[in-house]
Amino acid sequence: MHGFSYKNASLFCDDVDLAPLAAEHGTPLYVYSATTILDHYRRLDAALAGVDHEVAYAVKANSNLSVLRLLANEGAGFDIVSGGELFRVIKAGGDPAHCTFAGVGKTREEIVYALEQGIYSFNVESEEELRYLNEVAGELGVIAPAAVRVNPNVDAKTHKYISTGKSENKFGVDFEAIPSLYERAAKELPHIKLRGLQMHIGSQLTSIAPFIEAVEKVAPLAKQLKEKHSIEFWSIGGGIGIIYQESLASGTIDWWENQPEQERPLTIEQYGREIVPRLKNLGLRILLEPGRFIVGNAGVLLTRCLYEKKGRAKTFKIVDAGMNDLIRPALYEGHHEIVPLKQPQSNERVAVDVVGPICESGDFFCQNRELPDFQPGDFIALMSAGAYGFVMASNYNSRPLPAEILVEGDAATVIRKRQSLEDLIEGEL
Ligand SMILES: *Cc1c(COP(=O)(O)O)cnc(C)c1O
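Now for a description of the structure that goes with this document. (Residues numbered from 1 in each chain as written. Predicted model: local features only at pLDDT ≥ 70, side-chain atom pairs only at ≥ 80, totals over all residues. Heavy atoms only, no water.)

1. Focus on the side chain of Asn62
By secondary structure assignment, the location of Asn62 is in the loop between strand 5 (53–58) and helix 3 (65–73). A polar contact is formed between the side chain of Asn62 and the backbone oxygen of Gly386, at a distance of 3.1 Å. When near neighbours in sequence (up to four residues on either side) are disregarded, Asn62 contacts Tyr32, Tyr57, Val67, Leu68, Val295, Gly386, Val391 and Glu404. (Helix = DSSP H or I, 4+ residues; strand = E, 2+ residues; numbered from the N terminus. Polar contact = N/O pair within 3.5 Å; in protein donor to acceptor, adjacent residues only side chain to side chain. Contact = heavy atoms within 4.5 Å.)

Set out below in structure tokens:
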């Protein structure tokens, strides 16, 4: 589900009318639905009910403290990729003992910090990193819990920048090299406790096939490592895709959950049905690391149209959000539905480019897209902007970071203030 729909011709987030919210707080403005975030978390948790499991939310998708707090209160674990993310989780009341630490380039400072905080597992990506972890743990006189990320060499069939499970990607250790690495680690690395196995084949997967292929390929390896090294968990990663592309129909945004199941690309229930039976008899605790699935469709970026520019070849709608606020279209050719906050009263569409104010030709939100007409002064929403949205925002062009708002029922709370001009130069001499 998601919490965005038209009521009385105005776009709402749950019970909050978005146009007055945008007018009050200014644009660009990120707005998240708490109900939607919790619904996604609970549905995923329920889909895995048949197996001992933990949902470790991938913090990098949206790391606002209030979002983390919401999930910590639900009992979620957290998958982190930096010391900064661990700091955020702790500040939000999350338990380091339910944190896994991923990433190919952990620094000494990050390793020491995570060891001191007592995280659940370092998910290491190379033998070199495992040896370094052993060394640092030895210096501190502690044992580091670790899992190695296996690269199963499976094609996730997603955008090349977010595909991670092929041999040519920088991630993980070759499937074939894993057993001997665990052997060597058990013999030679006294400050490492081999606690699990990890994989993550990519992001925004909209078909079940690559998940099944990877799980089937790696399950015998997980079983073998459990028998030989008593590992206790297998993290099967994140990557569950969401639907970015949807049409407006009959006054509501007609999202995929309303479609007959066989016409939907991938549902979480299907994921559970297909994946759980393949994991059930391993006797391992299964970790899942979803980011986008939890928060992607739970957020929008509101922006205001500043100008309409009619060029010889094209019509440009220039808005006050730019690629510095939401970089997915520029970076991954990401698609965001564009919806006026005031519901269009006709079915007329015009072909436009919606572009930002940044001095880059890549600064667009859509090109040649048929949209309901909107005019300078009107607000629009870039849908499905809850994941990899604000977290990737930058100050490029010296633009202050936008504010973020969390909606819970009819209450809208500012969970991050808009940056001021003073904030922009904070720390500079
Ligand atoms: C990014 C990442 C995730 C989350 O991916 P989503 O597509 O947002 O679910 C999970 N695990 C690892 C190791 C990651 O790098």
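The structure having been displayed, the exposition proceeds.
2. Things to note about the nonpolar core
Core analysis: the largest hydrophobic core is formed by 109 residues, its most contacted members being Tyr57, Phe122, Leu197, Trp234, Ile236, Tyr271 and Val354. The dominant element in this core, judged by the number of residues it contributes, is helix 8 (residues 209–229), at nine residues. The two domains that each donate at least three residues to this core are domain 1 (4–30 + 297–424) and domain 2 (34–294). Counting 20 residues, the second-largest nonpolar core is a separate cluster that includes Phe4, Cys13, Val339 and Ala403. (Core = buried A, V, L, I, M, F, W, Y, C linked by side-chain atoms within 4.5 Å. Buried < 20%, exposed > 50% of the residue type's maximum accessible area, 1.4 Å probe, protein only. Domains from an automatic or database assignment.)

3. Quick look at the packing of aromatic side chains
Applying the stated rule across the entire model yields six aromatic pairs. Aromatic pair Tyr30 and Phe390: ring centres 6.0 Å apart, planes at 85 degrees, arrangement edge-to-face. Of this pair, Tyr30 sits in strand 4 (residues 29–33) while Phe390 sits in the loop between strand 21 (379–382) and strand 22 (403–408); the two residues are 360 residues apart in sequence, bridging distant segments of the chain. When sorted by exposure, Tyr30 lands in the same class as Phe390, which is buried. By the ring-pair criterion, three or more aromatic residues cluster together here, those being Tyr30, Tyr32 and Phe390. Lys106 extends its terminal NZ or CZ atom over the ring of Phe101, reaching a point 5.4 Å from the ring centre. Across from the ring centre of Phe175, 5.0 Å away, lies the NZ or CZ of Lys217, which sits over that ring. (Phe/Tyr/Trp six-rings, centres within 6.5 Å; stacked < 30°, edge-to-face > 60°. Lys NZ or Arg CZ within 6 Å of the ring centre and 35° of its normal.)

4. A word on the site of the ligand
Around the ligand sit 16 residues in total, of which Lys60, Ser203, Glu289, Arg292 and Tyr388 are the nearest. One of the side-chain N or O atoms of Lys60 is found 2.7 Å from an oxygen atom in the ligand. Backbone polar atom of Gly291 to an oxygen atom of the ligand: 2.9 Å apart, as the coordinates give it. Summarising the interface, the protein chains cover 93% of the accessible area of the ligand, which totals 390 Å² for the free molecule. Across the shell around the ligand, the residue classes tally to four nonpolar, seven polar and five charged. (Near = heavy atom within 4 Å. Areas by Shrake-Rupley, 256 points an atom, 1.4 Å probe, with all protein chains shown as cover. Nonpolar A, V, L, I, M, F, W, Y, C, P; charged D, E, K, R; others polar.)

5. What to know about the environment of Pro96
Within the element layout of this structure, Pro96 appears in the loop between helix 4 (83–91) and strand 7 (99–101). Since its relative accessible area comes to 13%, Pro96 is described here as buried. In sequence terms Pro96 and Lys317 are 221 residues apart; their C-alpha atoms lie 46 Å from each other.

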